[in-house]
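If you want the building blocks of each chain, they are given just below.
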Amino acid sequence: MTTTTSLTKPARTAVAAEPQVQRRRRRSFMADRRPGKLTYLALAGLALFSGFPLYWSLVVASHDNGILGEVPPPLGIGPNLFTNLERAFGTVDFAKALTNSFVVSIAITFSVVLFSTLAGFSFAKLNFKGRNAMLVMLIGTMMVPTQLGIIPLYMLMAKIEWTGTMYAVVAPGLVTAFGVFFMTQFLREAVPSELIEAARVDGCHTFRIFWHVVLPASKPAAAVLGMLTFMTAWNDFFWPLVVLTPEDPTVQTALSTLASGYIQDYSLSLTGTAIATIPLLVVFALLGKYIIGGIMQGAVKS
Amino acid sequence: MMKNLLYRLDVKGSPYLYIVPFFLLFAAFGIFPLAYTAWVSLHEWSLLSETHTFLGLQNYRDLFADEYFWNALRNTAQIWVLSTVPQLLMALVLAHVLNQRLRAPTFWRMTAVLPNITSVAAVAIIFGQIFGKDYGLVNWLLETLGLGRIDWQAGTASSQIAISVMIIWRWTGYNALIYLAAMQAVSKDLYDAASLDGASSFQQLTRITVPAIRPTIIFTVIVSTIGGMQVLAEPLLFGGASVTGGSDRQFQTLSLYLYEVAFSRFDFGYASTAAWAMFGIIVIVAAINYFLTSRLRRSS
């Protein structure tokens, strides 16, 4: 009964799940839920719902402000995108903001993946006193928004004179409880304990086991965790807003500068959102299916 | 002898080495600030002054008598209900639609998550334009239909609906994927049997799927409660980066109030009190959830 086993054990990633799903469904020939026209109509509605606001932001970003008041409003891409881009880069230092966001996100991603893999290995495969208690504590802290500690965090950064610098943005993001939890769950199943025992019998010390056995095995989960972390870091808003100055912003806090003020310059601020969103959209278009796998995998496990 | 000692040190001691970097950083930038918040909340503590007078629980007494705090709490709760209920219902239906043998399933899933890729700041700005009074798309549509324009920002209900739409847009697809992952673990035989008995697709959703994925539904409710307490960028940017959340504070959330007290009034002591109160609310909501869940489990 391969079908039942594959049902009780949720597939580790959505990518891996595909063949199983198909095998499972081929067997139920009688009452397969074959999607009809109505389904695709609903999905077209979904595409409109998801895509339209983003498309609309491009429409606004490519027009002059004056045209937006016309009835009916323009629904196509206009001719002013480059003028607006020039204006946006002139109003806020977007080149600096983009660089800052890239540096911050990459540093955070690298650190989270590294330390989560190390700690996940220890939690999943090594025995030590207090392991379960620490794991329970870890899961407990996942429920508490770090936003609540933002005031002492700011005081700490002021004390070590990191406010206004990218160090202050990176430091609190260096590790996440979620990352450790995620890698622990993955490594528990991905690396058989027998393999580790065998390596020990052969005289491998723990770090060599980590390096030669665990690290290669953790690659798929590390990639997914890396992408999710990068996205979160890129989109982070509250903490950078608190700790940075408008002169040296990340992309998200630069948006806040563009959007502030009594008279709204919509062409300008929506050009800004396009600048902030497009890098992630490119990543998403290329690697989206892995990101989806990560979201679904995190869901099944937690 | 020496080799044996090294081996034992490696087996017994090294596990701690791998978790130490994580716990050190986590303690410094995660646990410490959270705990220190409690200490700061007991003081008159301003960024502008070096002395910090101990106040005991005075800040808490002030907070419970603070009209703005209750206003922010009420707004947060209202926005939470307005955004979470439709969002999770739509996510269920969407997951049910996605849980079929579709052509190009990955494409449709990506479509569902697309809003979640968009940053919260961008979402708030884009929807701020869509809900704009003069050039907004929604008002143009309302006018075309013969209904008048609405000043979305001005009213309590209208501004909170606009903010809830931002949250719904960003999170529906994400929650749908979480439900979809849970649905894929439900035995297909149940659906086959139900179809043979003539159950409609909607009946299958309510009678089979929802009971089967109930733990996941509760999980998403808890997560969205915690998320609901953190709503900040939407009201901040919807109000043109003003910290009050509208002229009458009609859409100021708890997080935005915290931000106002801490970084516009620089009253760190009082802001810490608000933060600690928010922590208390999360604990209470989680406890209620836990209580309801265990009762549900016992009754079924």
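Novice: What is the right way to look at the overall build of chain B in this model?
Specialist: Scanning chain B from terminus to terminus reveals 13 helices and two strands. The C-alpha radius of gyration computed for chain B amounts to 24 Å, which surpasses the reference 19 Å derived for 300 residues by more than 25%, pointing to a less compact arrangement than a globule. Dimensions along the principal axes, computed over C-alpha positions, put chain B at roughly 85 × 75 × 40 Å. Within chain B, the fraction of its 300 residues that count as buried is 43%. Residue pairs at least 24 apart in sequence account for 68% of intrachain contacts in chain B once pairs closer than 6 positions are excluded.

Novice: Sorry if this is basic, but what is going on with the overall build of chain A here?
Specialist: For chain A, the count of helices and strands is 15 helices and zero strands. The buried share of chain A, taken over its 302 residues, is 44%. Within chain A, contacts between residues separated by at least 24 positions form 74% of all contacts whose residues are at least 6 apart in sequence.

Novice: When you look at the nonpolar core in this model, what are you seeing that I'm missing?
Specialist: Nonpolar side chains tend toward joint burial in soluble globular proteins. Counting 153 residues, the largest nonpolar core has Ala124(B), Tyr179(B) and Ala274(B) as the members making the most contacts within it. Of the residues that make up this core, three or more belong to each of domain 1 (2–32) and domain 2 (58–299) of chain B.

Novice: Please explain the interface of chain B and chain A as it appears in this structure.
Specialist: Quite often, the size of an interface is put as the accessible area lost when its parts meet. Of the residues lining the interface, 83 residues belong to chain B; the matching set on chain A comes to 87 residues. Top contributing element to the side of chain B that touches chain A by residue count: helix α1 (residues 2–40) of chain B, with 18 residues. Here the residues of the side of chain B that touches chain A sort into 59 nonpolar, 18 polar and six charged.

Novice: I'm lost on the domain arrangement of chain B in this one. Help?
Specialist: Split by domain assignment, chain B resolves into domain 1 (2–32) and domain 2 (58–299). A separation of 40 Å is found between the C-alpha centroids of domain 1 of chain B and domain 2 of chain B.

Novice: I keep staring at helix α11 (residues 206–217) of chain A and nothing clicks. Help me out?
Specialist: It helps to recall that an α-helix has 3.6 residues per turn; residues three or four apart then point in one direction. Across its twelve residues, α11(A) extends 15 Å between first and last C-alpha, which sits within 8% of the 16 Å expected from 1.5 Å per residue. Among all positions of α11(A), only Thr206(A), Ile209(A), Phe210(A) and Val214(A) are buried. Taken around the axis of α11(A), the buried residues stretch over an arc of 95 degrees, which confines them to a single face. In α11(A), those exposed residues whose orientation departs by more than 90 degrees from the buried face are Trp211(A), His212(A) and Pro216(A). Against the buried residues of α11(A) lie α5 (94–125), α9 (177–190) and α10 (193–201) of chain A together with α1 of chain B.

Novice: What is the right way to look at unusual backbone geometry in this model?
Specialist: If a residue is not glycine, its phi is most likely negative; likewise, a peptide bond is most likely trans. Of note, the phi angle at Glu161(A) is positive, near 55 degrees, even though the residue is not glycine. Structurally, the position occupied by Glu161(A) is in the loop between α7 (150–159) and α8 (166–170). Not every positive phi belongs to a glycine, and Ala241(B) is a case in point at roughly 60 degrees. Positionally, Ala241(B) belongs in the loop between α11 (233–238) and α12 (254–263).

Conventions we followed
- Residues numbered from 1 in each chain as written.
- Chains lettered and ligands numbered in written order.
- Predicted model: local features only at pLDDT ≥ 70, side-chain atom pairs only at ≥ 80, totals over all residues.
- Helix = DSSP H or I, 4+ residues; strand = E, 2+ residues; numbered from the N terminus.
- Rg over C-alpha atoms; globule rule 2.2 N^0.38 Å.
- Buried ≥ 20, exposed ≤ 12 C-beta atoms within 10 Å, placed from the backbone.
- Contact = placed C-beta atoms within 7 Å.
- Core = buried A, V, L, I, M, F, W, Y, C linked by C-beta atoms within 7 Å.
- Domains from an automatic or database assignment.
- Nonpolar A, V, L, I, M, F, W, Y, C, P; charged D, E, K, R; others polar.
- Expected span 1.5 Å × (residues − 1).
- Arc of directions from axis to C-beta.

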